[in-house]
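For reference, the chains in residue letters:
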Amino acid sequence: MSDHLSQPMQTPAPMRVSVVGATGFQGGAIARLLAERHHRVRTLTRRPEGDRPPLPGVALASGDLADAEAVRQLFDGATHAAVTMPLVYEPQRVRRYARNIAAAAVDSGVRRLVYNANTRVPSVSTDVAAFETRRITEEVLRDSGVPLVVLRPPVYLDNLFSPWNGPALVNDGVLAFPLPAHTPTAWLSHRDLAEAVLAALTADGVEGRTFDIGGERTLTGEQLAQAFARGLGRPVRYQALDPVAFEQGLAAVLGPAAAAGVAGIYHYMASGTDETLMAGDDGVSARALSLRQAPVDEWVSRQPWQVWANDPEEHNAQSRA
């Protein structure tokens, strides 16, 4: 055997990834997956130590995206970056954040930055802050010249595993969400988002591209309920929530400004202006990024829904399952 053939296979060096937004749900999923795959991850947070989510293997530094020097230090020595912007919908503030990120990424010489836009973005301008502030960030990053891949996800399955949805699903078989029942949606999990970000950081031939990532299938409300019924092993029906009521409930948790920003997406979808905005992309992103998204019923079956059960016996039975 030749010396060349007897050499051990080279393992790619771990990336040093600056993750913006790692203390949020989406950014947290991204940071955890990168750390699980043995990449070096660090992030910036304004949260005090006692209010930070568990992020094993992730280095956290205190700081704010409005502080250019703090952002520069976050990116210092990074080879790659993954960015998810906070729930801020003021254009000037978002532009400042984006400029600080772009400048730091360029100065540090990152090989690739993946921007998770947090939502799909319509092809034309709108009056919806949730879309337009994400468009601002994308434009700032692209204009900076940093090597960029943009991911635009639809709606997250993880939103349904929550105190607002879990009890009704488990105890009453009602899946309530502020999308019209007929709206085709490629529901995606946070874990599959993280897999897409990791793939976009490393895949060949994707630099400069924008992907409308999504789940395995595009589903209407009724089809989503059927997938949940298979995963839960019980009947489930879909109920379209009024976006106004949804926003009012969300305001009690996020505050009125952030709630209005998030709910703007659902007001827009309820208007019927672009009914296919949240639909799948016919497998374009899955092929380009070599992704295999989990079916919805498979995701449902993996969640510990028993925590929402009213019946103590059912709670215990499901806990033992």
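Look a little higher up for the structure.
Counting starts from 1 at the beginning of each chain's written sequence and moves along it residue by residue. Where totals are concerned, whole chains, interfaces and linings use all residues; where local detail is concerned, this predicted model gives features only for residues with pLDDT of at least 70, and gives and counts side-chain atom pairs only at 80 or more. Hydrogens and water are ignored here; the side-chain numbers use all heavy atoms of the structure.

Student: Got a minute to help me understand the overall build of the protein chain in this structure?
Tutor: Note on conventions: DSSP H or I runs of at least 4 residues are helices, E runs of at least 2 residues are strands, and numbering of each starts at the N terminus. Regarding its fold elements, the protein chain presents 13 helices and 9 strands. Two things to know: the radius of gyration comes from C-alpha atoms, and the globule rule equals 2.2 Å times the number of residues to the power 0.38. Relative to the globule expectation of 20 Å for 321 residues, the C-alpha radius of gyration of the protein chain, 20 Å, shows essentially globular dimensions. Seen through its C-alpha atoms, the protein chain measures out along the principal axes to roughly 60 × 60 × 45 Å. Each of the 321 residues in the protein chain was classed as buried or not, and the buried ones make up 50%. Contacts are assigned to residue pairs with any non-hydrogen atoms lying within 4.5 Å of each other. Of the contacts made within the protein chain by residues no fewer than 6 positions apart, 74% connect residues no fewer than 24 positions apart. Roughly 15400 Å² of accessible area belongs to the protein chain as shown, and the carbon and sulfur atoms make up 50% of that amount. Residues counted as positive are Lys and Arg, residues counted as negative are Asp and Glu, and His and the chain ends are not counted. In this description, the location of a charge corresponds to atom NZ of lysine, CZ of arginine, CG of aspartate or CD of glutamate. Averaging the coordinates of the 30 positive side-chain charges in the protein chain and doing the same for the 35 negative ones gives two points 4 Å apart. Relative accessibility thresholds used throughout: buried, under 20% of the residue-type maximum; exposed, over 50%; partly exposed, between the two (1.4 Å probe, protein chains only). All accessible areas in this document rest on Shrake-Rupley with a 1.4 Å probe, and a residue is counted as covered only by the protein chains that are shown.

Student: Before we go on, may I ask you to explain the pattern of salt bridges in this structure?
Tutor: It is possible for side chains bearing opposite charge to pair when their charged atoms get close. Criterion for a salt bridge: a side-chain nitrogen of Lys or Arg within 4 Å of a carboxyl oxygen of Asp or Glu. Per the stated rule, a full pass over the model turns up 12 salt bridges. Taking the shortest distance from any N to any O, the salt bridge between Glu138 and Arg152 comes out at 3.0 Å. Here Arg152 lies in the loop between β6 (148–151) and α6 (166–172) and Glu138 lies in helix α5 (residues 129–144), a separation of 14 residues in the sequence. Residue Glu138 is classed as buried on the basis of its relative accessible area, which comes to 7%. For Arg230, the salt bridge identified is with Asp297, shortest N-O distance 3.4 Å. Of this pair, Arg230 sits in helix α8 (residues 221–232) while Asp297 is found in helix α12 (residues 296–302), placing the two residues 67 residues apart along the sequence. Overlapping salt bridges, with partners in common, bring together Glu138, Arg142 and Arg152 in one network.

Student: I tried to follow helix α9 (residues 243–254) on my own but got confused; where do I start?
Tutor: Along an α-helix, residues three or four positions apart point the same way, because every turn accommodates 3.6 residues. Here α9 spans 15 Å end to end across 12 residues, near enough to the 16 Å set by a 1.5 Å rise per residue. For α9, the set of buried residues is Pro243, Phe246 and Leu250. Taken end-on, α9 shows its buried residues confined to a sector of 55 degrees, consistent with a single buried face. The exposed residues of α9 that point more than 90 degrees off its buried face are Gln248 and Ala252. Buried residues belonging to α9 abut α10 (256–271). Following α9 by one or two positions, Gly255 has its phi on the positive side, about 95 degrees. The span expected for a helix works out to 1.5 Å for each residue beyond the first. Summarising the geometry, the arc corresponds to the directions from the helix axis toward the C-beta atoms.

Student: Teacher, can you tell me more about the nonpolar core here?
Tutor: When a protein is soluble and globular, its nonpolar side chains tend to lie buried together. Ranked by internal contacts, the top residues of the largest apolar core, which has 38 residues, are Leu224, Phe228 and Trp305. Listing elements by their share of this core, those giving two or more residues are α5, α6, β7 (174–177), α8, α9, α10 and α12. When residues of this core are assigned to their parent elements, the largest contribution, 7 residues, is made by α10. Take the buried Ala, Val, Leu, Ile, Met, Phe, Trp, Tyr and Cys residues and link them wherever side-chain atoms come within 4.5 Å; each set so joined is a nonpolar core. Membership of the second largest hydrophobic core comes to 34 residues, among which are Val58, Leu188, Ala196 and Phe211.

Student: How should I be thinking about a nonpolar patch on the surface in this particular structure?
Tutor: In this scheme, patches are assembled from residues that exceed 30% relative accessible area and form no salt bridge. Like charges are connected within 9 Å, while nonpolar side chains (Val, Leu, Ile, Met, Phe, Trp, Tyr) are connected within 5 Å. Taken together, the side chains of Leu87, Trp164, Val253 and Leu254 define a hydrophobic patch exposed on the protein surface, amounting to about 400 Å² of accessible area. The topology assignment puts Leu254 in helix α9. Using a relative accessible area of 38% as the deciding quantity, one classes Leu254 as partly exposed.

Student: Whenever I open this one, the side chain of Asn165 confuses me. Can you help?
Tutor: Checked against the element boundaries, Asn165 lands in the loop between β6 and α6. Overall, Asn165 belongs to the buried group, its relative accessible area being 9%. Setting aside its immediate chain neighbours within four residues, Asn165 contacts Asn159, Leu160 and Ala176.

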